[in-house]
Amino acid sequence: MRMSGNPLLRVTDLIIRYGSFTAVNKVSFQLGPGDVYCLLGPNGAGKTSTIKAIVGLVKPVEGSISICEKNPLTDIDAKNCIGYVAEDPILIESLTTREHIEFAATVRGVGKESEEWVNYLIKAFDFTFNLDKPVYTLSRGNKQKASLILALMHKPKILILDEPFTGLDFQSSSILKNIIEDWKKSQNGVLMSTHILEIAEKICTRVGVIISGRLIFEDSTENVKARLLGEDKFAKLLNELTSNTILGNK
Ligand SMILES: Nc1ncnc2c1ncn2[C@@H]1O[C@H](COP(=O)(O)OP(=O)(O)OP(=O)(O)O)[C@@H](O)[C@H]1O
């Protein structure tokens, strides 16, 4: 695969099982500097499981993961290289977002120098009036915004976003798209799962199609589009990949 510089993230032969069920089967891919890698696939394909293994929320039975050239199992610094937004925001319901930000700043060693950036994020996501409300009073979309601010505040080299546009209003979606573009330009990396083909086509530099736990197709978005000449055919390819894959028997 074409890549400039060492990969920021390397996933090799990842296998995840829940009991006897294999949810992710020998998945391998890399995220290079400047990449926005989109994992595409139907419900239950294994996208979230793959992401959870990368951020350490699920223990794979086999395979290896390298984050910023560090082993996350043995090197605590690997975690600081990541900003993660889960499909369902992971927040402490009784705390306010301001308290989450203060706690995260202490844990990650984020100091005064980041104040301007954090204030920018709060303003950009139109979050000022929600900052001091307990999380349990926030709407789904505002919890998503809180998660995004927390994931971005330490300017991680790798952003990992699981269905990040779900529940976001138009303005916040547009801000997030700009931030993803900035991450790409700064030679950082973004790994993202999405069901929205338009986003994959417009934002991602690479797409990986995962079905029944297997990564069955991977290419640059540029190549896919050049080959398929148009959005309808991009969607058609994914439909075909989905229907041609024999489900079960993994
Ligand atoms: N904790 C769990 N215990 C048992 N099975 C699980 C668990 N988590 C996920 N699975 C199963 O693993 C498979 C992959 O799930 P996963 O959430 O990774 O898929 P996904 O591609 O992210 O789906 P979606 O697009 O619906 O979010 C599914 O069959 C799911 O039911």
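The structure under discussion appears in the preceding block.
Here the structure is a predicted model, which means the values were calculated and not measured. Residue positions are given per chain, counted from 1 along the sequence in the order it is written. Only residues with pLDDT of 70 or above have their local features reported here, since the model is predicted, and side-chain atom pairs are shown and tallied only from 80 upward, although totals for entire chains, interfaces and linings are computed over all residues. Think of the side-chain values as coming from all heavy atoms in the structure, minus any hydrogens and water.

## Brief notes about the site of the ligand
Right, so step 1: Proximity is defined per residue: any heavy atom of the residue falling within 4 Å of a molecule or strand makes that residue near it. Surveying the vicinity of the ligand reveals 13 residues, the closest of which are N43, G44, K47, T48 and S49.
Right, so step 2: What qualifies as a polar contact is a pair of N or O atoms within 3.5 Å, subject to a donor-acceptor requirement within protein and to the restriction that residues adjacent in sequence count only when both atoms come from side chains. A distance of 2.8 Å is found between an oxygen atom of the ligand and a backbone nitrogen or oxygen belonging to G44.
Right, so step 3: Separating an oxygen atom of the ligand from a side-chain N or O atom of E87 is a distance of 3.0 Å.
Right, so step 4: Burial of the ligand by the surrounding chains reaches 61%, relative to a free accessible area of 640 Å².
Right, so step 5: Top contributing element to the shell around the ligand by residue count: helix 1 (residues 47-55), with three residues.
Right, so step 6: Grouping the amino acids of the shell around the ligand by side-chain chemistry returns five nonpolar, six polar and two charged. Residue exposure ignores everything except the shown protein chains as possible cover, and the areas themselves are Shrake-Rupley values with a 1.4 Å probe. Strands here mean DSSP runs of E at least two residues long; helices mean DSSP runs of H or I at least four residues long; both are numbered from the N terminus. Three residue categories are used. Nonpolar comprises Ala, Val, Leu, Ile, Met, Phe, Trp, Tyr, Cys and Pro, charged comprises Asp, Glu, Lys and Arg, and polar comprises the others, including Gly.

## Some words on the state of the cysteines
Right, so step 1: Cysteine sulfur atoms that pair up within 2.5 Å are treated as a disulfide. Per the counting criterion, the structure on display carries two disulfides.
Right, so step 2: Between the sulfur of C38 and that of C204 lies a disulfide, 1.9 Å long from S to S. Taken together, the residues C38 in strand 3 (residues 36-40) and C204 in the loop between helix 7 (197-203) and strand 8 (206-211) connect sequence positions 166 residues apart. Both residues of the pair, C38 and C204, count as buried.
Right, so step 3: With a sulfur-sulfur separation of 1.7 Å, C68 is cross-linked through a disulfide to C81. Burial status follows relative accessibility: with a 1.4 Å probe on protein chains alone, a residue under 20% of its type maximum counts as buried, one over 50% as exposed, and anything between as partly exposed.

## Some thoughts on the sheet that holds strand 8
Right, so step 1: Pairing is mixed in the open sheet, where six strands are placed in the order 5-6-7-3-8-9. Since the sheet does not close on itself, it has two edges, and those belong to strand 5 (82-85) and strand 9 (214-220), each with one partner. Here the strands of the sheet are splayed against their neighbours by 15 degrees on average, with no regard to which way each runs.
Right, so step 2: One requirement defines pairing of two strands: DSSP has to find at least two bridges between them. Sheet topology note: the strand 8/strand 9 ladder contains six bridges and is antiparallel. Its bridge partner lying in strand 9, I210 is registered against L215. To obtain an axis, a line is fitted to C-alpha atoms, over the contacting stretch when the element is a helix, and the angle between two such axes runs from 0 to 180 degrees between their N-to-C directions.

## Topic: the sheet that holds strand 2 (residues 21-31)
Right, so step 1: If you trace the three strands from one edge of the open sheet to the other, you get 2-1-4, paired in antiparallel fashion. The open sheet has two free edges, formed respectively by strand 2 and strand 4 (62-67), since each of these has just one partner strand. Taking the axes of each pair of neighbouring strands and ignoring which way they run, one obtains an average angle of 20 degrees across the sheet.
Right, so step 2: By the bridge criterion, five bridges tie strand 1 (residues 9-18) to strand 4 in an arrangement that is antiparallel. Across the sheet, residue T12 finds its bridge partner in strand 4, namely S64.

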